[in-house]
Amino acid sequence: MKHELSVMMLTWEYPPRVIGGISPHVCYLSKSLAQQGVKVYVATCDFPGAPAHETTFDGVEVYRIDSYKTPAPDFATWVYLMNLNMQKEAAAIVHKLDNKIDVFHAHDWLVANAGIGLKHIFRKPLVVTMHSTEMGRRDGTHTTTEKMIHETEAWLNYEAWKVICCSDYMIQHVKWAFGLPNDKLVMVPNGVNTKNYDENNNDMKTFRNCYALPEEKIILYVGRLVYEKGIHILINAVPKILSKVNAKFIIVGSGYMKEQLLNIVRSMGLEHKVLFEGFVDEENLIKLQKVADVSVVPSLFEPFGIVALEAMAAKSPVVVSDIGGLTEIVEHDVTGVKAYPNNPESLAWGINKLLLDPIYAAKIRENAYHKVLETYDWTKIAQQTKGIYEEILGEYSKSFWA
């Protein structure tokens, strides 16, 4: 009797461990695949307070593997040691399951060594989702660590049966960065769970008043405070926006640029207008996205742009840089406003355009919400992903590996 299709996903982050976009992506994809009849096992890093092994409501089995006990002098060494342990622990789990894993699915370079090792130990296909690249994040590779990460990514892509990218832009970028053939690359978009935003949050007015005066518009940025996310472009646009609109800027996220950004705000004398909130839990983040008059994604490099999608689901009109995956998500003047990348004047123009024209903003808001429902639904994304697994297993069954 044929067993159900089973996959082991490898990821360095999974809720409640949330560092970037990989965590929610793997969480929603794994649950949606489980609802499509795929048996999903997730191997990830441990997290204080989270169980070492649990089965979610949807039937996803999550194994959290020790990643803290071995001391490491730097991040690159920590990743290497974490992969050694992940490979060892995941191999033991697969043996316990009588080797009934059909596909290994690795998410980004951070689990490359573990994914490649498991592929060869069990002679099963490896699927890779490239969420980003080091060359894209750093605009090239300059340091030894950056070059090491790039080479690890190249090795991971070489070993993969298929490489999934979240946008057509990312397909071209990965093809260029690693010299991959067209038939190895497949585009499956990222998704957003609109049900999270459908809930009737009580007394949103009181919540909003915690952040802004009734007469102030709320301009929201959600993301890491790092160069490639373009947060400094938004901060430099603040005076240009305030010259036309009374607004409060809420910055959610952390990163190495925080002190530098705070100094710029202080030098402008605008500390009372720009709030750095740091990490915000999911419930309050959803509320912030719902009360925001505009959500801004000013990235300089963006493989996809999940934050823009979340804002669209929350019915917060978006202003984005006309770059990367954002170009594909947002249609200018239809589902959002596009600004020139690395251009504070253009970004300010886009934000003011939405804030000064409520009828235009309402049209953008509704169009964007419908686009999310039609295109970025996790059920459709899981169906596409399952189809890729099945196609690979068809090819695998005829190969010498099987």
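Above this note sits the structure.
Now for a description of the structure that goes with this document. (Residues numbered from 1 in each chain as written. Predicted model: local features only at pLDDT ≥ 70, side-chain atom pairs only at ≥ 80, totals over all residues. Heavy atoms only, no water.)

Read across the open sheet, the six strands follow the order 11-10-9-12-13-14; overall the sheet is parallel. If you trace the sheet from one side to the other, it starts and ends with strand 11 (274-278) and strand 14 (337-339), each paired once. Between one strand axis and the next, the sheet turns through 25 degrees on average, direction left out of account. Two strands pair when backbone bridges link them, and strand 12 (residues 294-297) and strand 13 (residues 318-321) are joined in this way by three bridges, in the parallel orientation. (Pairing = 2+ DSSP bridges. Helix = DSSP H or I, 4+ residues; strand = E, 2+ residues; numbered from the N terminus. Axes fitted to C-alpha atoms, helices over the stretch in contact; angles between N-to-C directions.)

Next up on the list: the packing of helix 5 (residues 144-159) against helix 6 (residues 168-178). Close contact between helix 5 and helix 6 brings their axes to 10 Å; oriented N to C, the two are set at 105 degrees. Overall, the two elements helix 5 and helix 6 adopt an arrangement that is roughly perpendicular. Seen from helix 5, the contacting residues are His150, Glu153, Ala154 and Asn157; seen from helix 6, they are Val174, Ala177 and Phe178. (Parallel < 35°, antiparallel > 145°, perpendicular 65-115°, else oblique. Contact = heavy atoms within 4.5 Å.)

Attention shifts here to the pattern of salt bridges. Tallying each qualifying case throughout the model produces 14 salt bridges. A salt bridge links glutamate 216 to lysine 248; its shortest N-O distance comes to 3.5 Å. Taken together, the positions of glutamate 216 in the loop between helix 8 (204-209) and strand 9 (217-222) and lysine 248 in strand 10 (residues 247-252) put the pair 32 residues apart, joining distant regions of the chain. A relative accessible area of 10% places lysine 248 in the buried class. When the shortest N-O distance is used, the salt bridge between lysine 240 and glutamate 345 registers 3.9 Å. With lysine 240 in helix 9 (residues 231-242) and glutamate 345 in helix 14 (residues 344-355), this pair connects stretches of sequence that are 105 residues apart. Three or more residues joined by partner-sharing salt bridges are found here, namely Glu216, Lys248 and Lys273. (Salt bridge = Lys/Arg side-chain N within 4 Å of Asp/Glu carboxyl O. Buried < 20%, exposed > 50% of the residue type's maximum accessible area, 1.4 Å probe, protein only.)

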